[in-house]
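# A structural walkthrough
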Amino acid sequence: MSIKIRLTLMSFLQFFVWGAWMITIGVYWFQNKQWSGSEFGAIFSTLGISSLFMPALTGIIADKWINVEFLYGILHILFGCTFLYLPYVDDPQTFFWVILLAMIFYMPTIALSNSIAYSLLKKKGYDVIKDFPPIRVWGTVGFVVAMWVTDLTGNKALTGQFYISAVAAIGLGIYAFTLPACPPLRSNTENASLSGRLGLNAFRLFRIPKMALFFIFSMFLGGALQLTNMYGDAYLSDFGNIPAYADSFVVRHSTIILSISQISETVFILAIPFFLRRFGIKQVMLISMLAWVLRFGLLAYANPIDGVWMIILSCIVYGMAFDFFNISGSLFVETSTHPSIRSSAQGLFMMMTNGFGAILGSFMSGFLIERYFTEDSGRMMWQEIWISFAAYALVIAFLFSFLFKHRHEPATSDEPATAKG
């Protein structure tokens, strides 16, 4: 089996493990366990908490002491064993700690999977820029397939979703041990300071006003990135309590409907070079923020019958909203920082969006929904929830449009990276 096929399988399973539960855990939480919204907000904060320190820590371990593929396999097996315990948890506080432990094991594997792919492709003489994207796109396919498996097996509100994820993770962990060796490159960090190894040198970028603004806006927008993943499936499934919608395809197969969002991601990735060349990095990031406004606004007024087009359109818009900011933001960091701290700066960008941003969005949304948007009967006020999310994204877009200064200079080259500040 060629190394590209083996890496494609790894990428597929990497995100299959995530997709089997990430979108549907809200349905399990609210419909099966009937736990509170504020406590659910804490569950998604575990993605952010673990993203603050685990990628850097495992990066040091893999860089100095342990083969990357071995560490990657161990972490997946530990994640799988942790998820096998989740179905036996009967209180939200314990559930939080178990999920946090699972995310401590899982979140660093995303970066490690990239490291494995880069290392093995280079070792075999492949062009990483050309050959890695077709491999990585199968990760999105794996995420979508997992969503469909969870939905079609009737597990979106049941503990089966955790078993599906756990079995896939343990299988991936075992599979990782069969991959070619990716030994630690001790020379990369042998002479580096502790702050350098942890990526702390990048924090000096906060001294530059434009970079500080960028990272602050990254954090605030990061607060919106996971909101539909947190509440989307629970929202669509909740239409089942309305007799007119109870037997609709959207309610019965809400997870399949939401998978359109992930499919949309793969399409908009292809459109990013055109938009970057035409509009520049700042405008593409602003388009992303406005796309979030549209995404939330459409969900506020949608329904599974005559408003199903709004649900589908909101899923399509998700690809633009998610990809445009993440990729253009990463490109801004790439073109605005010195090579000596570029990797650390990319880590800082991810820390602000998926770390602090995810924590902010998870806790604040859970608190606001529990405090202001839950009826006495326990029903959630979905329209008000989505409108408040849309208003939040609109305020961020408005402030970003005139506070963040970045000039686009179209170049003769087709490379979008030529946009400069």
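None of the values given here were measured: they were computed from a predicted structure.

The next point concerns a nonpolar patch on the surface. On the surface, Val395, Phe398, Leu399, Phe402 and Leu403 cluster together into a nonpolar patch covering about 440 Å² of accessible area. Note that Phe402 resides in helix H16 (residues 382-403). On the accessibility criterion, Phe402 (38% relative accessible area) is partly exposed.

We now examine the pattern of salt bridges. On inspection of all chains with the given rule, the structure shows four salt bridges. Salt-bridge contacts for Lys33 lead to Asp90; the nearest nitrogen and oxygen are separated by 3.2 Å. Taken together, the residues span a long stretch of sequence, with Lys33 in helix H2 (residues 25-33) and Asp90 in the loop between helix H4 (68-85) and helix H5 (92-123) at a distance of 57 residues. With its nearest N and O atoms 3.2 Å apart, the salt bridge here joins Arg379 to Asp238. Within this pair, whereas Arg379 is found in the loop between helix H15 (342-372) and H16, its partner Asp238 is found in helix H10 (residues 227-238), the two being separated by 141 residues in sequence. Of the residues examined, Arg379 reaches a relative accessible area of 31% and is grouped as partly exposed. Judged by its relative accessible area of 12%, Asp238 falls in the buried class.

Take unusual backbone geometry next. Most of the time, phi is negative for any residue but glycine, and the peptide bond is trans. In this model, Gln34 sits at a positive phi of 60°, which is unusual for a non-glycine residue. Within the secondary structure, Gln34 is located in the loop between H2 and helix H3 (37-64).

Before going further, it helps to spend a moment on the nonpolar core. Counting 133 residues, the largest nonpolar core has Trp18, Phe79, Phe95 and Tyr231 as the members making the most contacts within it. Apart from residues lying up to four places away in sequence, Phe79 is in contact with Val17, Trp21, Ala102, Met103, Phe105, Tyr106, Ser165 and Ala169.

Under the criterion given, the structure shown has 44 aromatic pairs. Their ring planes at 50° and their centres at 5.4 Å tell us that Phe79 and Tyr106 sit as a pair that is tilted. Placement of the pair is Phe79 in helix H4 and Tyr106 in helix H5, with a sequence separation of 27 residues. Per residue, the accessibility class of Phe79 equals that of Tyr106, and both read buried. Summarising the aromatic geometry, the rings of Phe214 and Phe404 are spaced 6.3 Å apart at their centres and angled 45° between planes, so their arrangement reads as tilted. Taken as a pair, Phe214 in helix H9 (residues 209-225) and Phe404 in the segment after H16 lie far apart in primary sequence, 190 residues in all. For the pair Phe214 and Phe404, a shared accessibility class is recorded, and that class is buried. Above the ring of Phe279, the side-chain terminus of Arg278 is found at 5.1 Å from the ring centroid.

Rules and cut-offs
- Residues numbered from 1 in each chain as written.
- Predicted model: local features only at pLDDT ≥ 70, side-chain atom pairs only at ≥ 80, totals over all residues.
- Heavy atoms only, no water.
- Patch = residues over 30% accessible without salt bridge, like charges linked within 9 Å, V, L, I, M, F, W, Y side chains within 5 Å.
- Areas by Shrake-Rupley, 256 points an atom, 1.4 Å probe, with all protein chains shown as cover.
- Salt bridge = Lys/Arg side-chain N within 4 Å of Asp/Glu carboxyl O.
- Helix = DSSP H or I, 4+ residues; strand = E, 2+ residues; numbered from the N terminus.
- Buried < 20%, exposed > 50% of the residue type's maximum accessible area, 1.4 Å probe, protein only.
- Core = buried A, V, L, I, M, F, W, Y, C linked by side-chain atoms within 4.5 Å.
- Contact = heavy atoms within 4.5 Å.
- Phe/Tyr/Trp six-rings, centres within 6.5 Å; stacked < 30°, edge-to-face > 60°.
- Lys NZ or Arg CZ within 6 Å of the ring centre and 35° of its normal.

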